[in-house]
Each structure stands twice: as C-alpha cells, then as structure tokens.
Amino acid sequence: MSRTIMLVPISAGVGLTSVSLGVLRAMERKGVNVSFFKPIAQPRSGDDIPDLTSSIISASSDIKIAEPTMMSEAESMISNEKMDVLLEQIVERYNAISNSSEVVLIEGLVPTRKHPFANQVNAEIAKTLGAEIVFVATPGTNNPAQLKERIDVACSNFGGTKNKSISGVIINKLNAPVDEAGRTRPDLSEIFDEANNTAQANIEVMQIFNSSPIRVLGCVPWKVELIATRAIDMAKHLNADIINAGEINSRRIKSITFCARSLPNMIEHFKPGSLLVTSADRPDVIVAAALASMNGVEIGAILLTGGYDIPTSIANLCKPAFDAGLPIFKAQGNTWQTSLNLQSFNLEVPADDKERIEFINDHVASHIDGPWIDSLSEGTQGIRRLSPPAFRYQLTEFARRAGKRIVLPEGDEPRTVKAAAICAERGIAECVLLGNPDEIKRVAAQQGVELGAGVTIINSEEVRENYVARLVELRGAKGMTEVVAREKLEDSVFLGTMMLEAGEVDGLVSGAVHTTANTIVPPFQIIKTAPGASIVSSVFFMLLPDQVLVYGDCAINPDPNAEQLAEIAIQSADSAKAFGIDPRVAMISYSTGTSGKGADVDKVREATKIAQEKRPDLVIDGPLQYDAAIMENVAASKAPNSPVAGKATVFVFPDLNTGNTTYKAVQRSADLVSIGPMLQGMRKPVNDLSRGALVDDIVYTVALTAIQAAQAE
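Residues numbered from 1 in each chain as written. Predicted model: local features only at pLDDT ≥ 70, side-chain atom pairs only at ≥ 80, totals over all residues. Heavy atoms only, no water.

*Asks:* Looking at this model, I keep getting lost on the overall build of the protein chain. Mind explaining?
*Replies:* The number of helices and strands found in the protein chain is 28 helices and 25 strands. The C-alpha radius of gyration computed for the protein chain amounts to 28 Å, which stays within 12% of the reference 27 Å derived for 713 residues, consistent with globular compactness. Considering only C-alpha atoms, the protein chain reaches an extent of 85 × 70 × 50 Å along its principal axes. In the protein chain, which comprises 713 residues, the proportion classed as buried is 54%. Put simply, of all contacts in the protein chain between residues at least 6 apart along the chain, 75% involve residues at least 24 apart. Roughly 30300 Å² of accessible area belongs to the protein chain as shown, and the carbon and sulfur atoms make up 50% of that amount. Of the side chains in the protein chain, 67 bear a positive and 85 a negative charge, and the two mean positions are spaced by 2 Å. (Helix = DSSP H or I, 4+ residues; strand = E, 2+ residues; numbered from the N terminus. Rg over C-alpha atoms; globule rule 2.2 N^0.38 Å. Buried < 20%, exposed > 50% of the residue type's maximum accessible area, 1.4 Å probe, protein only. Contact = heavy atoms within 4.5 Å. Areas by Shrake-Rupley, 256 points an atom, 1.4 Å probe, with all protein chains shown as cover. Lys, Arg positive; Asp, Glu negative; His and termini not counted. Charge placed at Lys NZ, Arg CZ, Asp CG, Glu CD.)

Listed below in structure tokens is the structure:
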C-alpha cells in the first residue's frame, strides 16, 4: 500500500509549487516510485485551467498525475453543501494512481481571500485520503520564534500536535527579501542581491524547533536564481516591442537597474543578468552597455522607455553587441509607468522554462531531509529504477566521496569557469584551471562567478618548464627533443596531460574549445591504456524520461573487430555497473538471433561469444535488433528466451557509424540529455566534451571523471 503525503501551505506566498517540485525530485533521486495529485486546481488566473504544479510536471517529467477537479466545480459543490460528493470524486481520482505508486504526493490548497475555505478543505482531504501532513511555511518578516508560533496555530487547525498524521514542516524562502507585509519583493533595486547569512538563519530555525514536537523536514534558502526569469517573459509581460531579439529566449534577469544617473555611477550595475532600463535618448548608456556586452559581460537585456527608437548611428555602432546576443526591447510608457508594470510581474516559473524548473527542483531537493525521504518507501514494495534525477544525484554523491582533483586545460573559457565554480560549490571535485590567472579572474568577474575554495588557478607559463624533461623521457624514442617538447607544452591539453601523468591531478576534462583529436591524442601518447585493456572506447549515458541507458562505442573506434567489440561490451558493462546501472548488455545488429547472415552480423555473433566466455558473470546477449533489445513485446516474439531482450540497459553498437548515428538520433528526436562521451580503458581518466557543451554538461563530465579516478585506485 502506498504512503500519502500532503503538503499544506499555512499561508499564501510560501512557494508551494517549488516545494512540491523539490520534494518530488528528492524522492526521484532516491528511486522512490512517486505520483502527484492536486485535488483541486488553483491557478493564479482564476480560470478553469490546470494548476501550475501539474502543468510543470506533465511537461517536464513522466510522473503520473491524477486529474484535478476544476476550482469552479469544487466551489459549486462546497457552496451547495455537497462536500461529500467532492471528496468521493477526489478519492476516485486518487485511487487511479495510488495502486501503482510507492508514494502519492498531494498538494493542498493555498488559503487566499478568494479561497478562505482552503484550510477546512485541506483538513477534509487529508483525513479522507489518510494522508500524512507536512506544513509548508515561509518566515516572511517573522523571526524563528514568531514563525514557530504561526506553525503552531496552523497545526491547531488540524487537531494540534496530538494528531499523529502531522509529520512536520518544510520552511521555504529562508532569508528572502520581503516587504513590510512579508511578501517576497525582489524588485527594482539591489534587493536582488542574496543575503549572506543563510547558514546562521538556518541554525537559528533549527534551534527553535529542537524543543518542538513538529519536525523540520526541510529549510530551503532563497536564491536569486529561483526567480531569475527569461528576458522574453519580461518582454511579454510588458507587451514590449522587440528591437533586437538576440538571446532573448535564454538570457536571465537577476537584477533591475534604472539608468537615471550619470554613466560613471552606473557602471557597477552593468553585470551578468542585469535588466538595464533607460530611455532611448541616452546613447551613452546604450553604447556603454554594448561595450560591456562585447567585453564578455552577459547583460540580461536593455529595456527602452519613452517610446523613442535607437538612433541609426548608435545602432550601427553597437551592432557587434546586438549580433552577439544582447536582447533589446521597448515599452511604450514612460519610466514611471514601466516601473509600475515591472512591480506587477509574476515571479512564478512558467511551465515551459525547463532550465529554471530544473534549478528549482534540485535546489529545493538538496535541502529536504534525506532520512525522511528514505523513510517514505519503508514497508512498500516496488521496483527501484535509476531515473535521470537519481542518476545525476548519484553522480554528484559518488564524486563528492571520491574527493578528486580534475584539471581543466581550457581554464579561461567562460563555461568552464562557471562549471569549476559549481563543482567547488557542490563539492564535486577540486578543479584546476590552466591559463593566465588575470584572464581567468577577468572572465569569472564578467560571468558573475566567484572562484574561491575548491578552485585552483595555475599559471601555464610558470609551470610549463617543469615537464619538459619528463616529456622527452616518455617520447624520446619517438624523436621528442627539448625544443619540440617545449612547443608541445604550449598546448594546454598536453600540459594538463603531463600533470595527470605526474599524479598532480586525478583526471582531465577538455573539449569545450578543443576538438576531440586535440583532447585525446596527448593522453593516448602519454597516459596510454589501463593494464589488461587493449583498446580505448567510449560510452554515452542516455537519460531517457524513465531510465538511464548506456550506449557504446559512439565516439572512438570506427570499425572494431570481434575481439575489440567484445572488449567494448565488457568495458561498457563495467562502466554501467560502476555508476549504479544493472548491466544487461545487448550486442546490436540488423538481425536478431540466428536469422541473419553476412560478415557484419557474424562479427557481432562472434563478439558476443568472446565476451560471454571472458566474463561469464555478465549478462550479455546478441545479436539483437534495437527494438528487440528495448521493447518487451518485440522481444517476446523475436527473442523469447533471451535474458537481455526487452530489458537491455547497455547497448553495444557494431561500428562507429551505427553508434554515433543512433545516439544522436535518439538524443535529438526524444529531446533528452546525454552525458558523455566517457572514455574507457585509459590508465588514468580523460574525458572529452562537445564544443557545444552546456555548463551542466561540463559539471557532470567532471563528476564522471572524478568517479573514474576513484575506481582506478
């Protein structure tokens, strides 16, 4: 029987959707099979449309959702004294999802002026569904003692602390900037800047609740990224005319500055994520913003007021910045009217803003009590599956435990700098940035990134000479001289590889700027293969909506022979197992079983036999067609006796053409995340990035590399 948890907000403005998403993500990370139900839809607009949380979940995950009752229908039943009918309808919809889940998360109604009956309805729903109650609160203007009093009052509406169904409270928006009424108001000023005393506030809250029977199940600090809206959402809210679209769909607004002062007094506000509000007849501001943008500062957008257009001469002067992605849009009203419109902007996350939703999910989940989440599936029976959130969480946890040092040769590349800071913040690894320290620090400042503990900057010029003699020693038989060695070490990847060879770092990640050949040739020459490995191969981790699959080899070997293909299968299975995936290896071909003939399918058949003989402990089968390997109904007819067909987790492709094409087709067609390529078979871990890699791609590749380094020991 499934557990039922109901999140009950004690007031409006607690960030209920964020908490719901975070709790769901925390459960997914631990492999809990969870479903979601908002019994009565409560959209902010008041229309009969799905609520925000259900809309986000249905758009961004495969979590099962029960159909909510529309608010107008619920209000009609409540006003006509048909509460019992409403509850029967809720139970029916709840039952539709509860039998297939370990946990059902219920989101209660928010008490508002329009919905004063929320507390009563929440109590009735909790009682009817036998739900465990978790209150959701935000401090607002209250100190910890006052917050505890408010939660005690809310608790009394549900039978008081004697009610065994009350599990605890999640406190959200700790240290959020609020106005006198307690409303979160990060608008129009430097109030966007984060408070730096979150840790102290967290301790104070926990101390107050130590003597309380109400358990604190989470303390979620406020961060500006939680409300960092896309520039396009701001433009739509203002009904603005778009002058230059640029990167309007992806740039984030983290602060708002009204450019009413002289230029020297505003330069400090020209920073990443700034929305600069100015009249178009201030060419000095527009030119200065364009110059900052061209200098690497990713300004969120420029908002023009007063109805003026940018003079053509100024537009031409600033064209390089416009072409580089600086968004510009124009509001029709004056600055005063525009400021009022900005204050009414809705900070809720849109259902289609996947990047921000991911941040909210992970941020809130990381502050939810782990033992409580673990306890939710106790006593339930269900199949544990490694979902993408669970896999990513597991990656970072394994990497933290490994405690490794990873060198990033592209030390002054903006994405790499951001990734290094994130890795340090999360404790994933100590990142070593190679390059000119002044340039690296300049790039970090432009990106709004602080490089503190956990990030080491090494000046390439100062250490290069240290590796000349060793490189000559290693490659002397190939004609390496001191002159050539110094020339080779001008390449930061070569330099990073020598640091890896010397044991000064544990792994290397490159490729955000360099080609694959630039990244892997130096390690092939210097690091070489691991003991017992005759080939270096690669795998991609494919993050499907409901599970993670491993694809190999999709990046290195053009046409492996049967022996090599068998080793790729073994390496890929070992990699899968090391990252928490139960390896069931499918050797992919255009034919299943004994039906096909020809050199290509014979190679796969021979490779399967070799791999099975070398590693009888692994579950390997082939040849299998892709559909037979992944679909149970196809497997039942094509390979009914196969231990792999229909449930494969590792897919080994016969050649690079097939593997690379398949991984890209699946990734693009299904719009899913893939992590890799991760190289296998190296004596020390080296991994290559795509030149289009996102910051998160680099972060997870660093995590992979740190874990590989720990395994190599």
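Having seen it, we continue.
*Asks:* Help me understand the packing of aromatic side chains, please; the structure alone is not making it clear to me.
*Replies:* Each aromatic ring pair is summarised here by two numbers: the centre-to-centre distance and the angle between the ring planes. By the definition in use, this model includes eight aromatic pairs. Geometrically, the ring pair formed by Tyr 551 and Tyr 626 is edge-to-face, given 6.3 Å between the ring centres and 90 degrees between the ring planes. Of this pair, Tyr 551 sits in strand 20 (residues 548-552) while Tyr 626 sits in helix 25 (residues 626-630), and the two are 75 residues apart along the sequence. The class of Tyr 551 is buried, set by a relative accessible area of 0%. (Phe/Tyr/Trp six-rings, centres within 6.5 Å; stacked < 30°, edge-to-face > 60°.)

*Asks:* Can you walk me through the domain arrangement of the protein chain in this structure?
*Replies:* The extent of an interface is frequently quoted as the accessible surface area lost upon association of the parts. Taken domain by domain, the protein chain holds domain 1 (3-226 + 353-377), domain 2 (240-331), domain 3 (385-528 + 694-708) and domain 4 (529-681). Computed from C-alpha coordinates alone, the two centres of domain 2 and domain 3 are separated by 35 Å. Of the residues lining the interface, five residues belong to domain 2; the matching set on domain 3 comes to four residues. Across the domain 2/domain 3 interface, buried area totals approximately 350 Å², and carbon plus sulfur atoms make up 36% of it. Of all residues in domain 2, Pro 272, Asn 295 and Gly 296 bury the most surface against domain 3, accounting for 75% of the area lost on that side. Along the contact surface separating domain 2 from domain 3 lie zero salt bridges. Taken together, domain 2 and domain 3 are joined by three residue pairs in polar contact (both at pLDDT 80 or more). (Domains from an automatic or database assignment. Buried area = accessible area lost by both parts, 1.4 Å probe. Salt bridge = Lys/Arg side-chain N within 4 Å of Asp/Glu carboxyl O. Polar contact = N/O pair within 3.5 Å; in protein donor to acceptor, adjacent residues only side chain to side chain.)

*Asks:* How should I be thinking about the environment of Ser 167 in this particular structure?
*Replies:* Note on placement: Ser 167 falls in strand 6 (residues 166-174). Separated by 205 residues in the primary sequence, Ser 167 and Trp 372 place their C-alpha atoms 9.4 Å from one another. Apart from residues no more than four positions distant in its own chain, Ser 167 is found in contact with Glu 132, Ile 133, Val 134, Arg 215 and Leu 217. A distance of 3.5 Å separates the side chain of Ser 167 from the side chain of Glu 132, its partner in a polar contact.

*Asks:* For this particular structure, what's the right way to read the pairing of strand 2 (residues 34-37)?
*Replies:* One face of the sheet, then the other: side chains in a regular strand alternate in exactly this way. Side chains of strand 2 alternate between two faces, with Val 34 and Phe 36 and Ser 35 and Phe 37 buried alike. Bridge count between strand 2 and strand 4 (residues 103-107): four bridges; the pairing is parallel. The partner of Val 34 across the bridge, within strand 4, is Val 103. The pairing of strand 2 with strand 3 (residues 64-65) spans two bridges and is classified as parallel. Pairing of Ser 35 across the sheet is with Lys 64, part of strand 3. (Pairing = 2+ DSSP bridges.)

*Asks:* I would appreciate a short explanation of the packing of helix 19 (residues 468-475) against helix 21 (residues 492-501) in the present structure.
*Replies:* Axes are the key here: two packed helices are described by the angle between their axes and the distance separating the axes. Contact geometry for helix 19 and helix 21: axes closest at 11 Å, N-to-C directions at 80 degrees. Considering their axes alone, helix 19 and helix 21 lie roughly perpendicular with respect to each other. Taken together, the residues of helix 21 that come into contact with helix 19 (itself represented by Arg 470, Leu 471 and Leu 474) are Phe 494, Met 498 and Glu 501. Its residues assigned to classes, the contact of helix 19 with helix 21 shows four nonpolar, no polar and two charged. (Axes fitted to C-alpha atoms, helices over the stretch in contact; angles between N-to-C directions. Parallel < 35°, antiparallel > 145°, perpendicular 65-115°, else oblique. Nonpolar A, V, L, I, M, F, W, Y, C, P; charged D, E, K, R; others polar.)

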